[in-house]
Amino acid sequence: MLTQRQVVDYALQRRALLADVHSGRVGVAEVCDASPYLLRAARFHGQAGEQQCPVCRRERLTQVSWIFGEALRQASGSARKPEELVALENSFDEFSVYVVEVCRSCSWNHLVQSYVLGKGGSPGRSQRRRTAAE
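Treat the numbers as computed from the prediction; the structure is a model and nothing was measured.

*Asks:* Is there a simple way to explain unusual backbone geometry in this structure?
*Replies:* Look at Arg57: it is not a glycine, yet its phi comes out positive at around 60 degrees. Here Arg57 is to be found in the loop between β2 (47-52) and β3 (60-68). Using a relative accessible area of 56% as the deciding quantity, one classes Arg57 as exposed. In this structure, Ser107 is a non-glycine residue whose phi angle is positive, near 75 degrees. Assignment of secondary structure puts Ser107 in the loop between β5 (95-102) and β6 (109-117).

*Asks:* Looking at this model, I keep getting lost on helix α1 (residues 11-23). Mind explaining?
*Replies:* With 13 residues, α1 ought to run about 18 Å at 1.5 Å a step, and its terminal C-alpha atoms sit 18 Å apart, in line with that. Every buried residue of α1 is accounted for by Arg14, Leu18 and Val21. Seen end-on, α1 carries its buried residues on one side only, within an arc spanning 55 degrees. Across α1 from its buried face, at more than 90 degrees, point the exposed residues Leu12 and Arg15. For α1, the elements touching its buried residues are α2 (28-31), β2, β3, β5 and β6. A positive backbone phi angle near 95 degrees is found at Gly24, which sits one or two residues after α1.

Rules of the game
- Residues numbered from 1 in each chain as written.
- Predicted model: local features only at pLDDT ≥ 70, side-chain atom pairs only at ≥ 80, totals over all residues.
- Heavy atoms only, no water.
- Helix = DSSP H or I, 4+ residues; strand = E, 2+ residues; numbered from the N terminus.
- Buried < 20%, exposed > 50% of the residue type's maximum accessible area, 1.4 Å probe, protein only.
- Expected span 1.5 Å × (residues − 1).
- Arc of directions from axis to C-beta.
- Contact = heavy atoms within 4.5 Å.

Following this line, the structure appears as structure tokens:
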């Protein structure tokens, strides 16, 4: 089970962008620009979502979780499956997860949510902030 902290939801930003697309103020080509690397990550590491693509309406969106953090070392900046996040949460003190939704048909992509995982926020543990000198 994931213990998410510092959760940021980007639903309002997504809704505003889609309103601009549907009104014609923003072109479809500007928002359907997923990189080949993101599309590949969606194929191999993504989790099928419940929503249809809001742009092309051809298929369900895929959610890809990207991990970042100093403690992760070479794994930082990689896409991970949800079950891998559970194992990583129990192995590292703290790292950030960014969830991106992707349409594999039209290349729509948008940041959906970000949060922090890891053992660092466990109750009973004293956390000392690092100073700029460290």
